[in-house]
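# Residue-level structural notes
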Amino acid sequence: MTYETQSAASVEAFRNIIEPILLPAIGGGQFLHLEAIDEPIAKNLDQLAGLDVLWVQGGAVYGIAVRIQPDQGWRTFTMRTGKPSGLNTEYAKRQHARRHGALAPRWTVHAYVSNGTLVAAAIATTDAILDAIEKNEYREKVNRQDGTRFVAVPWADLPADQIAILPQGGLP
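This brings us to the pairing of strand β5 (residues 107-114). Of all the eight residues making up β5, seven are buried; the element is thus mostly covered by neighbouring parts of the structure. Examined bridge by bridge, β5 and strand β6 (residues 117-125) share eight bridges and lie antiparallel to one another. Bridge pairing in β6 links Trp107 to Thr125. Hairpin connection of β5 to β6: two residues between the antiparallel strands, including Asn115 at a positive phi of 50 degrees.

What follows deals with helix α2 (residues 40-47). Among the residues of α2, Ala42, Leu45 and Asp46 are the ones counted as buried. Relative to the axis of α2, the buried residues are bounded by an arc of 100 degrees and lie together on one face. Structural note: α2 exposes Pro40 and Ile41 on the side pointing more than 90 degrees away from its buried face.

What follows covers helix α4 (residues 126-134). Those residues of α4 lying buried are Thr126, Ala128, Ile129, Leu130, Ala132 and Ile133. The elements touched by buried residues of α4 are β4 (76-82), α3 (90-100), β5, β6 and β8 (149-154). The first or second residue beyond α4 is Asn136, which carries a positive phi of 60 degrees.

Okay, the packing of α3 against α4 next. At a minimum axis separation of 11 Å, α3 and α4 run at an interaxial angle of 105 degrees. With respect to α4, the element α3 is oriented roughly perpendicular. Each of Tyr91, Arg94 and Arg98 in α3 lies in contact with α4, whose residues at this interface are Thr126, Asp127, Leu130, Asp131, Ile133 and Glu134. A breakdown of the residues in the contact of α3 with α4 according to their chemical character gives three nonpolar, one polar and five charged.

Counted under the stated rule, the structure contains five salt bridges. The partner of Glu90 in a salt bridge is Arg80, with the nearest N and O atoms 2.1 Å apart. Here Glu90 is found in helix α3, whereas its partner Arg80 is found in strand β4, with ten residues between them in sequence. Assessed through its relative accessible area of 21%, Glu90 is described here as partly exposed. Judged by its relative accessible area of 24%, Arg80 falls in the partly exposed class. For the salt bridge of Arg98 with Asp127, the shortest nitrogen-to-oxygen distance reads 3.5 Å. Placement of Arg98 in helix α3 and of Asp127 in helix α4 is noted, with a sequence separation of 29 residues between them. Looking at Asp127, the relative accessible area reads 40%, which means it is partly exposed. Three or more residues joined by partner-sharing salt bridges are found here, namely Arg98, Asp127, Asp131 and Glu134.

Turning our attention to the sheet that holds β4. Strand order in the open sheet formed by three strands is β4-β8-β7, with antiparallel pairing between adjacent strands. The outermost strands of the open sheet, each flanked by one partner alone, are β4 and β7 (139-142). On average, adjacent strands in this sheet sit at an angle of 30 degrees to one another, irrespective of strand direction. Of the strand pairs in this sheet, β7 and β8 are connected by four bridges, and their pairing is antiparallel. Directly across from Val142, in β8, lies its bridge partner Arg149.

Conventions used here
Residues numbered from 1 in each chain as written. Predicted model: local features only at pLDDT ≥ 70, side-chain atom pairs only at ≥ 80, totals over all residues. Heavy atoms only, no water. Buried < 20%, exposed > 50% of the residue type's maximum accessible area, 1.4 Å probe, protein only. Helix = DSSP H or I, 4+ residues; strand = E, 2+ residues; numbered from the N terminus. Pairing = 2+ DSSP bridges. Arc of directions from axis to C-beta. Contact = heavy atoms within 4.5 Å. Axes fitted to C-alpha atoms, helices over the stretch in contact; angles between N-to-C directions. Parallel < 35°, antiparallel > 145°, perpendicular 65-115°, else oblique. Nonpolar A, V, L, I, M, F, W, Y, C, P; charged D, E, K, R; others polar. Salt bridge = Lys/Arg side-chain N within 4 Å of Asp/Glu carboxyl O.

Just geometry here; none of it tells us what the structure is for.
Here it is, written out as C-alpha cells:
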C-alpha cells in the first residue's frame, strides 16, 4: 500500500469511525484533516510537526497526532523509533520539538479498527507518552516485514489524568 493510499484510508477511518465518538467526548468543535489538504503548509504541519488533525474549539487550535491500525486492539500507543530508510521518526520529531519548543501534537489518538468497526481507541497527552518512554515504561518491537523499530506504551501505564479510553472518557 502506498503512502497516499494509506493516508487516505486513515483519514477516512478517522472521519467515519473515530470522529463521531471522539468529538463529543472532547467537547465538540471541528477537525481539520491535514493529510487531506494538498497544500504546502498542511504537508509541513504533517511531515515536520507530526500533526495529522487540527482541532478547532473554543477560539483555539490544537494539534493531534493520529495512528489508526487495522488490528485486534493492543491497547498501546506506538511510536516509530527507527526506520530502515534512516528517515526521521515520530519519536525523533517529538524529542526535537520538546527540546526546542517547536510545534508538536498536544494530544495523540491511537485507534484499532477491524472491518470498519472500532475495536479500541484512546487519546492521551503526547507529553505523557514521551514521559513513559523516557522512564522506560514501554515494550520495544521490530516489524519483521520491513525492519521498522517502534516502542509500544501500554494505555494502562499512563497516568489516569493524562489519558481517556474512548468512548467512555473525555479529554485528559
